[in-house]
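# Structural description and commentary
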Amino acid sequence: MPPKTKKIFVCTQCGYESAKWVGKCPDCGQWNSMSEEIKLSEAPSKGTTAGIGAAPIAIHRLNQLESGDEIRIVTGIEEIDRVLGGGIVPGSVVLVSGDPGIGKSTILLQLCNPLGEFMKILYISGEESVRQIKLRAIRVGVNSDNLYICCATDIDTIVETIEAENPQLVIIDSIQTMNLTSLPSSPGSVTQIKECSARLIQLAKQREMPLFLVGHVNKDGAIAGPKVLEHMVDTVLYFEGERHLPYRILRAVKNRYGSTNEIGVFEMMDSGLGQVENPSLALLSGRPSGVSGSCVACVMEGSRPILSEVQALVSKSSFSVPKRTATGYDFNRVSMLLAVLEKRGGFPFSSLDAYINVVGGLRLADPAADLAVALSLISNMLDKPIDESLAVFGELGLAGEVRSVSHIQKRVSECYRLGFKRILLPKQSLKQISCDGLPGLELIGIRSISEARTIIG
């Protein structure tokens, strides 16, 4: 007797199921996110009791299990090891997501070259043929003898292949193309992604086999499919960057085995993605000299201090409502800073258009960049350039005060290493800095944004 089916409506954002269509998801509140799917409704046979005859699961004594960094697998690509927290943990599931063409498949294929020296790797693609993968492997210089590739989308066949071949690492490109034939819904639907991911994750945990999943993004930049997918995996990596710029940022937004918000910096080249060993120097290359509206900010990305150039342009508005644009910085944060500068600093921005740009495609989320954004706006409005040897960091409050930030010593050391001999920072942070081994360094502490005019000139 064929299994019974019924129509349901599933939220594409959170996976909430409803018997009828609704305009707004009752769970996550998203509008127009309910999609129609077919669900199997198999009832258990009469006279059976769940759990009878099931084998007991294996249990382990906590004190007898191995732990620490010695069980991590070092990939040989330092930027990836940094983002993962020191290497790949056996049995971990890593979800790599990003815009189309950003380099997700390229970086995972490059990862196979150093790991293929001592591991058997199975690369399963649902989007490309084996010849297409071979062409890309030639372009990026991947020629490992332990790399096996295949093209498949049926999850049952994939699981059987993994169990038969017994690889030490598996890459699925991409999870949105996988499907379970017992489900009548199409590949990429909420139910298919959830069930296929669950099968693969369960297999990875049982065999302690690292698993990499490639995930597509929707038009809003979020991972396509149910939000529960990000909860199921151990690590979520986002590839960021502008398509017309060479730099790519690999950011960890979730990591059960390491620091979150850690980043790795890569450069897109003809031969694939190359590591950027000194991101600050690369992001500051080509910085204009003697131009107003340019300021160097020192921000923390995970455990790494990075220097980035912030540019601002202020012009007289021809509209009743001035235009504000922010690239690489939170738009609402920029609006708040403009209000603080006008109210607390006395700078008339209410009738001026303001444009903010973070050079290099980096997105700054550290509040320590507030002071650099404010100074670049003031510099351009006064048309007075900021000293090229000056680096800036500090958070700006609504009262116009400059507040202290974390990792003061790391920021100061990085600024000095790159040749910045003058550093503008919150005054209360001066007592946390040791200038031993930093000859010629000048530290300038300020308490409020009103003191910024004297710094610029």
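Below is a short write-up of the structure. Quick caveat: nothing in here was measured; it's all calculated off a predicted structure.

What counts, and at which threshold
Residues numbered from 1 in each chain as written. Predicted model: local features only at pLDDT ≥ 70, side-chain atom pairs only at ≥ 80, totals over all residues. Heavy atoms only, no water. Axes fitted to C-alpha atoms, helices over the stretch in contact; angles between N-to-C directions. Helix = DSSP H or I, 4+ residues; strand = E, 2+ residues; numbered from the N terminus. Parallel < 35°, antiparallel > 145°, perpendicular 65-115°, else oblique. Contact = heavy atoms within 4.5 Å. Nonpolar A, V, L, I, M, F, W, Y, C, P; charged D, E, K, R; others polar. Pairing = 2+ DSSP bridges. Phe/Tyr/Trp six-rings, centres within 6.5 Å; stacked < 30°, edge-to-face > 60°. Buried < 20%, exposed > 50% of the residue type's maximum accessible area, 1.4 Å probe, protein only. Lys NZ or Arg CZ within 6 Å of the ring centre and 35° of its normal. Polar contact = N/O pair within 3.5 Å; in protein donor to acceptor, adjacent residues only side chain to side chain. 1 Å grid on protein atoms, 1.4 Å probe; cavity = no way out; pocket = protein on both sides within 12 Å on 5 of 7 lines; lining within 4 Å. Points joined across faces, edges and corners; volume = space filled by probe spheres on them. Core = buried A, V, L, I, M, F, W, Y, C linked by side-chain atoms within 4.5 Å.

### Re the packing of helix α4 (residues 155-165) against helix α5 (residues 190-207)
Two numbers describe how α4 lies on α5: the axes approach to 10 Å, and their chain directions differ by 10 degrees. Of the possible angle classes, the one that applies to α4 and α5 is roughly parallel. Contact residues: α4 offers I155, D156, I158, V159, I162 and E163, while α5 offers C196, R199, L200, L203 and R207. For the contact of α4 with α5, the per-class residue count stands at seven nonpolar, no polar and four charged.

### Focus: the sheet that holds strand β7 (residues 169-173)
Hydrogen bonds along the backbone pair up the strands of a sheet, which may run parallel or antiparallel. With mixed pairing, the nine strands of this open sheet are ordered in space as β6-β5-β7-β8-β4-β9-β10-β11-β12. Looking at which strands have only one partner, the edges of the open sheet turn out to be β6 (147-151) and β12 (272-275). Along the sheet, successive strands turn relative to each other by an average axial angle of 25 degrees, direction set aside. The pairing of strand β11 (residues 263-269) with β12 spans four bridges and is antiparallel. Its bridge partner being in β12, E267 is matched across the sheet by G274. Each of β5 (121-125), β6 and β12 touches helix α3 (residues 130-140); the most contacted strand, β6, lies at about 145 degrees to it.

### With respect to the packing of aromatic side chains
By convention here, two paired aromatic rings are described through the distance between centres and the angle between planes. Taken as a whole and assessed by the stated rule, the structure comprises one aromatic pair. Considering the side-chain rings of F239 and F266, the 6.3 Å spacing of their centres and the 55 degrees angle between planes classify their relative orientation as tilted. Placement of the pair is F239 in strand β9 (residues 235-240) and F266 in strand β11, with a sequence separation of 27 residues. Accessibility expressed as a relative area gives 3% for F239, which makes it buried. Judged by relative accessible area, F266 falls into the buried class, the value being 0%. Positioned above the aromatic ring of Y148, the side-chain terminus of K120 is 5.1 Å from the ring centre. Its guanidinium or amino end placed over the ring of F393, R411 lies 5.6 Å from that ring's centre, counting from NZ or CZ.

### Describing the side chain of R72
Structurally, the position occupied by R72 is in the loop between β3 (34-40) and α1 (78-84). At a separation of 3.4 Å, a polar atom in the side chain of R72 contacts the main-chain carbonyl oxygen of L84.

### Some points on the layout of surface pockets
The calculated volume of the largest pocket comes to roughly 390 Å³. Forming the walls of the largest pocket are L65, E66, I71, V89, P90, G91, K205, E208 and Y257. Of the residues contributing to the lining of the largest pocket, the split by class is five nonpolar, one polar and three charged.

### Topic: the nonpolar core
Note that soluble globular proteins tend to have their nonpolar side chains buried in a common cluster. Membership of the largest hydrophobic core comes to 47 residues, with the highest contact counts inside it found for Y329, L375 and L377. Setting aside residues up to four positions removed in sequence, Y329 forms contacts with V334, L337, I356, V358, L364, D366, A369, D370 and V373. Membership of the second largest hydrophobic core comes to 33 residues, among which are V94, I107, L109 and M119.

### A few points about the environment of K6
Looking at where K6 falls in the secondary structure, it is placed in strand β1 (residues 5-11). C-alpha separation for the pair K6 and I249, spaced 243 residues apart in sequence, amounts to 44 Å. Dropping the residues within four chain positions of it, K6 is found in contact with E37, I38 and K39.

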